[in-house]
Amino acid sequence: MAVTGTAVAVAVTLPGVSVGQTTPRSVGGTTLSGATGGGGGSGEADSAGAAASGTDAQGQAGSAPPPATVVPPPAEGKKGVGSDPLTDDELARAEALALTPPAASAQQDVTGGRGPQRLGTVLADPVPGDASRRAEVRLYDYARDELVTKTVNLDTGKVEKSGAQRGVQPSAHPEELREAVELILASPLGKGVKEDYKDATGKELTSSKQLWFNGDVYRTYREANVPAQLARCGEHRCVRLVTKVLNGAWIDTRNLIVDLSARTVTRVG
């Protein structure tokens, strides 16, 4: 039956609500529980509260959230504490202590320059009962093909331990990978790389700065066939690269192995 313009009141008793008690009403997503009302004051207050609640809900729904606040990281101190990563100051101090002459001046880096090649510096394991922070500095001496590891006490400024190993090849440093790219470009085998670059960009490739590159140590024990020219890789420091045009196409250099110790480039596969 359709009823137009007529209000129909139906009395229903709900569980837990006594006769004469105002039942809770949901307004604007908020349940309003009114006290028993004999007068109109309470009803008017309820109506005002409902109106205010509805207005607030509409305002919250329509307004944009406040802008995010970027909180800068706390300033790094000169020294870390406990097992904190090494700070920039500690890294610089550890490397400076590890490169103390005269031993370091007799070594060579990947370009043949004076001094060993830096590979990396990490926090050394703590010594029981000693709160001093120590750093382990890894270097490579291309003059002797040796991995040099030095443990530096950052509190006393002394090199507490030093050792050299042959035939141990940690992951390549970015400076070594860049030198490998330069050796490829200077090699006759780099002709194809230069042609691929010109096809992709229309420009001449003359420097490693024009390429994105990555790579790692070439490990002979993972290869099915190792050319005779690469038989000393492992004793020598050899790398394999992946390269691409900056923000552009890939250039396949995976079949070019660079022996950084002998400064040669060999094609495999």
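Cut-offs used in this document
- Residues numbered from 1 in each chain as written.
- Predicted model: local features only at pLDDT ≥ 70, side-chain atom pairs only at ≥ 80, totals over all residues.
- Heavy atoms only, no water.
- Salt bridge = Lys/Arg side-chain N within 4 Å of Asp/Glu carboxyl O.
- Helix = DSSP H or I, 4+ residues; strand = E, 2+ residues; numbered from the N terminus.
- Buried < 20%, exposed > 50% of the residue type's maximum accessible area, 1.4 Å probe, protein only.
- pLDDT = per-residue confidence, 0-100.
- Contact = heavy atoms within 4.5 Å.
- Pairing = 2+ DSSP bridges.
- Axes fitted to C-alpha atoms, helices over the stretch in contact; angles between N-to-C directions.
- Expected span 1.5 Å × (residues − 1).
- Core = buried A, V, L, I, M, F, W, Y, C linked by side-chain atoms within 4.5 Å.
- Disulfide = S-S within 2.5 Å.
- Patch = residues over 30% accessible without salt bridge, like charges linked within 9 Å, V, L, I, M, F, W, Y side chains within 5 Å.
- Areas by Shrake-Rupley, 256 points an atom, 1.4 Å probe, with all protein chains shown as cover.
- 1 Å grid on protein atoms, 1.4 Å probe; cavity = no way out; pocket = protein on both sides within 12 Å on 5 of 7 lines; lining within 4 Å.
- Points joined across faces, edges and corners; volume = space filled by probe spheres on them.
- Nonpolar A, V, L, I, M, F, W, Y, C, P; charged D, E, K, R; others polar.
- Phe/Tyr/Trp six-rings, centres within 6.5 Å; stacked < 30°, edge-to-face > 60°.
- Lys NZ or Arg CZ within 6 Å of the ring centre and 35° of its normal.

**Focus on the pattern of salt bridges**
Proximity of charged atoms lets side chains of opposite charge pair with each other.
Phase 1 of the analysis: Applying the stated criterion across every chain yields a total of 14 salt bridges.
Phase 2 of the analysis: A salt bridge links Arg166 to Glu146, with the shortest nitrogen-to-oxygen separation between them at 3.4 Å. One end of the pair, Arg166, is in the loop between β6 (158-165) and α3 (174-186); the other, Glu146, is in strand β5 (residues 146-153), with 20 residues separating them in the sequence.
Phase 3 of the analysis: By relative accessible area, Arg166 is classed as exposed at 56%.
Phase 4 of the analysis: Overlapping salt bridges, with partners in common, bring together Asp130, Arg134 and Glu160 in one network.

**Points about the confidence of the model for the protein**
Phase 1 of the analysis: The share of residues in the protein with pLDDT of 70 or more is 75%, and the mean pLDDT across the chain is 82.
Phase 2 of the analysis: Considering only residues more than four positions removed or in separate chains, one finds that residues 1-55, a stretch of pLDDT under 50, has 24 contacts.

**Examining the sheet that holds β5**
Phase 1 of the analysis: What the 4 strands build is an open sheet, ordered β3-β4-β5-β6; its pairing is antiparallel. Two strands close off the open sheet at either side, each with one partner strand: β3 (117-123) and β6. Adjacent strand axes in the sheet meet at a mean angle of 20° when their direction is disregarded.
Phase 2 of the analysis: One ladder, built from 8 bridges, connects strand β4 (residues 134-141) with β5; its direction is antiparallel. Directly across from Ala135, in β5, lies its bridge partner Val152.

**Looking at α3**
Note: α-helices contain 3.6 residues per turn, so residues at a spacing of three or four share the same orientation.
Phase 1 of the analysis: Over its 13 residues, α3 extends 19 Å from the first C-alpha to the last, a length consistent with the 18 Å expected when each residue adds 1.5 Å.
Phase 2 of the analysis: When α3 is considered as a whole, its buried residues turn out to be Glu176, Leu177, Glu179, Ala180, Val181, Leu183, Ile184 and Leu185.

**Some points on the nonpolar core**
Phase 1 of the analysis: Core analysis: the biggest nonpolar cluster contains 25 residues, and Ile184, Val193, Val239, Val258 and Leu260 have the highest contact counts within it.
Phase 2 of the analysis: Elements that contribute at least two residues to this core include exactly α3, α4 (191-201), β7 (211-217), β8 (238-245) and β10 (256-259).
Phase 3 of the analysis: Leu97, Val137, Leu139 and Val148 belong to the second-largest nonpolar core, a separate cluster that totals 12 residues.

**Observations regarding the state of the cysteines**
Phase 1 of the analysis: Using the criterion set out here, one finds 1 disulfide in the structure.
Phase 2 of the analysis: Paired by a disulfide, Cys233 and Cys238 hold their sulfur atoms 2.1 Å apart. On the sign convention where negative is left-handed, the bridge of Cys233 and Cys238, at about -85° about the S-S bond, is left-handed.

**Let's talk about a nonpolar patch on the surface**
Phase 1 of the analysis: A surface patch of nonpolar side chains, amounting to about 420 Å² of accessible area, comprises Trp212, Val242, Leu246 and Trp250.
Phase 2 of the analysis: In this structure, Trp212 sits in strand β7.

**Focus on the layout of surface pockets**
Phase 1 of the analysis: Approximately 150 Å³ is the volume attributed to the largest pocket.
Phase 2 of the analysis: Around the largest pocket, the lining residues are Gly82, Ser83, Leu123, Ala124, Asp125, Pro126, Val127, Asp130, Ala131, Ser132, Arg133 and Arg134.
Phase 3 of the analysis: Per-class residue counts for the lining of the largest pocket are 5 nonpolar, 3 polar and 4 charged.

**A closer look at the packing of aromatic side chains**
Phase 1 of the analysis: The full count for this structure, using the stated rule, is 2 aromatic pairs.
Phase 2 of the analysis: Taken together, a centroid distance of 4.9 Å and an interplanar angle of 65° make the contact between Tyr140 and Tyr142 edge-to-face.
Phase 3 of the analysis: Centroid distance Trp212 to Trp250: 5.6 Å. Interplanar angle 90°. Geometry classified as edge-to-face. Within this pair, whereas Trp212 is found in strand β7, its partner Trp250 is found in strand β9 (residues 250-251), the two being separated by 38 residues in sequence.
Phase 4 of the analysis: You can call Trp212 partly exposed: its relative accessible area is 37%.
Phase 5 of the analysis: Here the basic side chain of Arg237 rests over the ring of Tyr140, its NZ or CZ set 5.2 Å away from the ring centre.

**Describing the environment of Gly157**
Phase 1 of the analysis: Inspection of the secondary structure puts Gly157 in the loop between β5 and β6.
Phase 2 of the analysis: With 23 residues separating them along the chain, Gly157 and Arg134 place their C-alpha atoms 9.5 Å apart.
Phase 3 of the analysis: If sequence neighbours within four positions are ignored, Gly157 has contacts with Arg93 and Leu97.

**Some words on the side chain of Thr151**
Phase 1 of the analysis: Among the structural elements, Thr151 can be located in strand β5.
Phase 2 of the analysis: Not counting residues within four places of it along the chain, the set of residues in contact with Thr151 comprises Ala124, Arg134, Ala135, Lys158, Val159, Glu160 and Lys161.

**A word on empty space enclosed by the protein**
Phase 1 of the analysis: Evaluated as defined, the whole model comprises 1 cavity of 30 Å³ or more.
Phase 2 of the analysis: In this structure, the largest cavity encloses a volume near 30 Å³.
Phase 3 of the analysis: Considering the residues around the largest cavity, the lining is formed by Val181, Ile184, Leu185, Val193, Leu211, Leu241, Thr243 and Thr253.
Phase 4 of the analysis: Secondary structure elements with two or more residues in the lining of the largest cavity: α3 and β8.
Phase 5 of the analysis: Examining the composition of the lining of the largest cavity, we find that 3 residues originate from one element, α3, more than from any other.

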